[in-house]
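Residue-level listing of the chains:
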Amino acid sequence: MIDFYAGMVPTADELLALAPGYVVQGSSQAITSSVTLADSAIVVPVAGLSVVDLSARYTSLAGGIRWAWRSTGTVTLAARDIMSAGQAATTTAGTANIDYVRWRQIATIGEEQTSAHYDVASTQLIRERLLVDGVGTIIFQFAQASSNASATTLNAASYATVSQVRQL
């Protein structure tokens, strides 16, 4: 984020720095019979104080999902807000039991989360907002919550946006 003063002519790079960035999971990625976290294609560059907003969509036929973030360089986490399905699965199509929605705020980037699903084979959503600082990257990782021969798939529609912010 930059501060503009009266009469100042911003450069193209300064104006570009004001626009949020976008990273997408270009193609669906499946994990079968494994609870070991694997990197996704959602690799977010960090250059200073930034807010990352993740919208990850996954399909689980039986194994659920496990996820965390991995950081490189000097990236540190100030806050992590999570919204996702909780631990219990239901078998009633279209049921959205509020008992099984997770709303969490934690302060570690690598803490693993696990989730079942509301409906088998339905697309589920993970939303996260992270406040990070430093220089490097953060990488969204996922696997199955419990090893199962039916794949857990991170869908191609998953994405993250990143915006630089300044501390007031």
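Description of the structure in this document. (Residues numbered from 1 in each chain as written. Predicted model: local features only at pLDDT ≥ 70, side-chain atom pairs only at ≥ 80, totals over all residues. Heavy atoms only, no water.)

## Some details on the overall build of the protein
Here's step 1: The secondary structure content of the protein amounts to one helix and twelve strands.
Here's step 2: When the helices and strands of the protein are listed from N to C terminus, the series reads α-β-β-β-β-β-β-β-β-β-β-β-β.
Here's step 3: Scored against the burial criterion, the 168 residues of the protein give a buried share of 38%. (Helix = DSSP H or I, 4+ residues; strand = E, 2+ residues; numbered from the N terminus. Buried < 20%, exposed > 50% of the residue type's maximum accessible area, 1.4 Å probe, protein only.)

## What about the nonpolar core?
Here's step 1: One finds Val44, Val52, Leu54, Trp69, Ile126, Ile138 and Phe140 to be the most contacted residues of the largest nonpolar core, which totals 28 residues.
Here's step 2: Sorting the residues of this core by element identifies strand S3 (38–47), strand S4 (50–60), strand S5 (65–71), strand S6 (76–85), strand S9 (123–133), strand S10 (135–143) and strand S12 (159–164) as the ones contributing at least two each.
Here's step 3: Apart from the residues lying within four places of it in its own chain, the contact partners of Phe140 are Ala38, Asp39, Ser40, Ile42, Leu54, Ala56, Trp67, Ala68, Trp69, Ile126 and Leu154. (Core = buried A, V, L, I, M, F, W, Y, C linked by side-chain atoms within 4.5 Å. Contact = heavy atoms within 4.5 Å.)

## Comments concerning the packing of aromatic side chains
Here's step 1: Per the counting criterion, the structure on display carries two aromatic pairs.
Here's step 2: Relative to Phe140, the ring of Trp69 lies with its centre 5.4 Å away and its plane at 70 degrees, an arrangement referred to as edge-to-face. Pair noted here: Trp69 is in strand S5 and Phe140 is in strand S10, with a separation of 71 residues, a long-range link. Accessibility classification places Trp69 together with Phe140 in one group, the buried group. (Phe/Tyr/Trp six-rings, centres within 6.5 Å; stacked < 30°, edge-to-face > 60°.)

## Overview of the layout of surface pockets
Here's step 1: Of the voids in this model, the largest pocket is the one considered here, and its volume is about 200 Å³.
Here's step 2: Lining the largest pocket are 14 residues, with Ala19, Gly21, Pro45, Val162 and Gln164 positioned closest to its centre.
Here's step 3: Where the lining of the largest pocket is concerned, the elements lending two or more residues are helix H1 (12–18), strand S1 (21–24), S3 and S12. (1 Å grid on protein atoms, 1.4 Å probe; cavity = no way out; pocket = protein on both sides within 12 Å on 5 of 7 lines; lining within 4 Å. Points joined across faces, edges and corners; volume = space filled by probe spheres on them.)

## Here's the deal with the sheet that holds S5
Here's step 1: Ordered by their spatial adjacency, four strands build an open sheet running S3-S10-S5-S8, and the pairing between neighbours is antiparallel. For this open sheet the edge positions go to S3 and strand S8 (113–115), each flanked by a neighbour on one side alone. Each neighbouring strand pair of the sheet contributes to a mean axis angle of 20 degrees, computed without reference to strand direction.
Here's step 2: Both S5 and S10 contribute to a ladder of six bridges, which runs antiparallel. Among the inter-strand pairings, Arg66 is bridged to a residue of S10, identified as Ala143. (Pairing = 2+ DSSP bridges. Axes fitted to C-alpha atoms, helices over the stretch in contact; angles between N-to-C directions.)

## As for the pattern of salt bridges
Should the charged atoms of two oppositely charged side chains come close, the side chains can pair.
Here's step 1: Across all of its chains, the model carries five salt bridges by this definition.
Here's step 2: Linking Glu112 and Arg66 is a salt bridge whose minimum nitrogen-to-oxygen distance equals 3.0 Å. Here Arg66 lies in strand S5 and Glu112 lies in the loop between strand S7 (101–106) and S8, a separation of 46 residues in the sequence.
Here's step 3: What makes Glu112 partly exposed here is its relative accessible area of 39%.
Here's step 4: What makes Arg66 buried here is its relative accessible area of 19%. (Salt bridge = Lys/Arg side-chain N within 4 Å of Asp/Glu carboxyl O.)

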